[in-house]
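# Secondary and tertiary structure notes
Residues per chain, in single letters:
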Amino acid sequence: MRRKPVEQLVAEGGQGEGGALKRSLTMWQLTMISIGATLGTGIFVVLGEATPLAGPAVAISFVIAGLTALFSALSYAELAGSIPVSGSSYSYSYATMGEVIAWICGWCLVLEYGVSVAAVAVGWGEYLNELLDGTIGVTIPEAVSAPLGEGGFINLPALVVILLAMVFLMGGAKESARVNTIMVVIKIATLVLFCAIGFMGIKAGNYAPLAPLGVTGISAAAATLFFSYIGFDAASTAGEEAKNPKKDLPRAIMLSLLIVTVLYCLVALVAVGAMPWQDFEGTEAALAQIMKDVTGHSFWGVVLAAGAVVAIASVVFAVLYGQTRILFAMSRDGLVPKVFARVNERTGTPKANVVIVSLFCGVLAAFIPLGELANATSIGTLFAFALVNVAVVILRYKRPEMPRTFRVALFPVTPILGFAFCAYMMFSLPGKTWVYFGGWMVAGLVIYFFYGLRRSSLATAEK
């Protein structure tokens, strides 16, 4: 239960093995990182899984998932402004609840970031096939474009997009942020284009019945769609590379969530209005199909598919960045091997960290189906978000004098609601997901008690 003082966390910010991270990111770039990590698979792929559950009320499911994210985002914004380090909720837990809780949170973040990279990459191949089919009339054979259990042996496109992201990330934070910003602008423009064209195909009858499976269906869809909001906290993982973290991190977190939620709801409303909700079943490239049906031409579907390829690639890129920075912080604290905190002097990036994480995520993406990954990622994220809401309450009462550039409104009601929403969403997920989560937690605790407990920097300082 040993805690790491906030002052020590901040003082160690950016320091790695053999070098330090470079402070080069502006508020705009931090916002683009969060949007890049969030806006993608949730609307391009997971929409096809959620709509059969909620029916036309899928937009309400997006709002519920967004509210859950909002309450936690407010807590994230306060803590990011007070403890501007790369560890995100892991570091916040270390300062407030102790090492073992911090480890559990960090282990959940590995599930959130590392595994969601794989889940997102799996969906990338679907739109790549749409693009190839619409441009040159060929598709990648199922044997090498689908994971085991879904008709193939390996998802090669998913592996390729992760390796491409790895190459860009090794170039440096500033350079990576520029690439990410370009991709984010392209995907926002693609979704705006979809709304403009899809609006012309809306049929009022497609909105009835609004909720064919009732409140249960809306809740189940919201739990699945929460996966779509994973990543809004990505800016908090860049705390040690931001130029002005105390002010810019809270702003980036809130602005990115606002932009993403508005886009999600608009796209969902247009999509279910333009295509009967029953037709979404089994369709992982639904938006491209809608563009084709509305216009009667394959060209617009190809444009949408091209935008989706860029959009999903940017999610892989930004989320992979976040995972490497969280492991960087955990490594500096001695809870994972020191290789993850080794910094390249020339680029100011943890190159070995990037390579190891990319290969791990690449293997997951190549062999594990999307659905199981998405649900497992959601429950890990919800657990970490719940801890952030607890952390903000603890820090307010234990360190009321601490300077805060952002303060949660209606305290302590807001973080309590954030915790309650996260718990509600977790219990809306299927039992099989809880079994996977339980197994993940047991594995994490075994690693901590056999490795991190005695090797952490606080443990060695006590000797």
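A few points on the structure.

When you go through the protein chain residue by residue, the secondary structure sums to 18 helices and 2 strands. The C-alpha atoms of the protein chain give a radius of gyration of 21 Å, which matches the 23 Å a tight globule of 463 residues would have. The dimensions of the protein chain, computed from C-alpha atoms along their principal axes, are 70 × 45 × 40 Å. The 463 residues of the protein chain split such that 59% are buried. A sequence separation of at least 24 residues applies to 83% of the contacts in the protein chain between residues at least 6 apart. In the structure as shown, the protein chain presents an accessible area of about 16,500 Å², 70% of it carried by carbon and sulfur atoms. Across the protein chain, the centroid of the 29 positively charged side chains sits 12 Å from that of the 26 negatively charged ones.

Moving on, we come to helix α4 (residues 47-54). Across the 8 residues that make up α4, a large majority, 6, are buried. Within the span of α4, buried status applies to Leu47, Gly48, Ala50, Thr51, Pro52 and Ala54. Positive backbone phi, at 70 degrees, marks glycine 55, one or two positions downstream of α4.

The residue after alanine 208, namely proline 209, is reached through a cis peptide bond having omega -10 degrees. For proline 209, the position within the fold is in the loop between α9 (173-199) and α10 (214-225). The residue leucine 410 is not glycine, and still its phi comes out positive at about 55 degrees. Position of leucine 410 among the secondary structure elements: in the loop between α15 (370-398) and α16 (413-427).

Take the packing of helix α7 (residues 99-135) against helix α8 (residues 156-169) next. Where α7 contacts α8, the two axes come as close as 8 Å, and the packing angle between them is 115 degrees. For the crossing formed where α7 meets α8, the hand is right-handed. Where α7 approaches α8, its residues Val117, Ala118, Ala121, Val122, Trp124, Gly125 and Leu128 are matched on the opposing element by Pro157, Ala158, Val161 and Ile162. A per-class count over the contact of α7 with α8 returns 10 nonpolar, 1 polar and no charged.

Its place among the elements puts threonine 181 in helix α9. Under the relative-accessibility criterion, threonine 181 is labelled buried at 15%. Sequence separation of threonine 181 and alanine 366 is 185 residues, and the distance between their C-alpha atoms is 27 Å. Here threonine 181 is in contact with Trp28 and Met32, once residues within four sequence places are set aside.

This part covers the side chain of threonine 324. Within the secondary structure, threonine 324 is located in helix α13 (residues 298-332). Threonine 324 gets classed as buried once you look at its relative accessible area, which sits at 0%. Within the structure, the side chain of threonine 324 is placed 3.0 Å from the side chain of arginine 325, a separation counted as a polar contact. Ignoring sequence-local partners within four residues, the contact set of threonine 324 consists of Asn353, Val354 and Val357.

With respect to the helices, strands and loops of the structure, threonine 349 is situated in the loop between α13 and α14 (351-367). A residue is classified by how much of its surface remains accessible, and threonine 349, at 0% relative accessible area, is buried. The contacts of threonine 349, once residues within four sequence positions are left out, are Leu169, Met170, Gly172, Ala173, Arg325, Arg342, Val343 and Asn344.

This paragraph deals with the layout of surface pockets. Approximately 290 Å³ is the volume found for the largest pocket. If you go around the largest pocket, you meet 18 residues; those closest to its centre are Trp107, Val110, Leu327, Val336 and Phe340. Looking at the lining of the largest pocket, the elements that each hand over two or more residues are α7, α13, α14 and α17 (431-455). Residues belonging to the lining of the largest pocket are distributed by class as follows: 16 nonpolar, 2 polar and no charged.

Here is what the cut-offs are and how they apply
Residues numbered from 1 in each chain as written. Predicted model: local features only at pLDDT ≥ 70, side-chain atom pairs only at ≥ 80, totals over all residues. Heavy atoms only, no water. Helix = DSSP H or I, 4+ residues; strand = E, 2+ residues; numbered from the N terminus. Rg over C-alpha atoms; globule rule 2.2 N^0.38 Å. Buried < 20%, exposed > 50% of the residue type's maximum accessible area, 1.4 Å probe, protein only. Contact = heavy atoms within 4.5 Å. Areas by Shrake-Rupley, 256 points an atom, 1.4 Å probe, with all protein chains shown as cover. Lys, Arg positive; Asp, Glu negative; His and termini not counted. Charge placed at Lys NZ, Arg CZ, Asp CG, Glu CD. Axes fitted to C-alpha atoms, helices over the stretch in contact; angles between N-to-C directions. Left-handed = near helix turned anticlockwise from the far one by under 90°. Nonpolar A, V, L, I, M, F, W, Y, C, P; charged D, E, K, R; others polar. Polar contact = N/O pair within 3.5 Å; in protein donor to acceptor, adjacent residues only side chain to side chain. 1 Å grid on protein atoms, 1.4 Å probe; cavity = no way out; pocket = protein on both sides within 12 Å on 5 of 7 lines; lining within 4 Å. Points joined across faces, edges and corners; volume = space filled by probe spheres on them.

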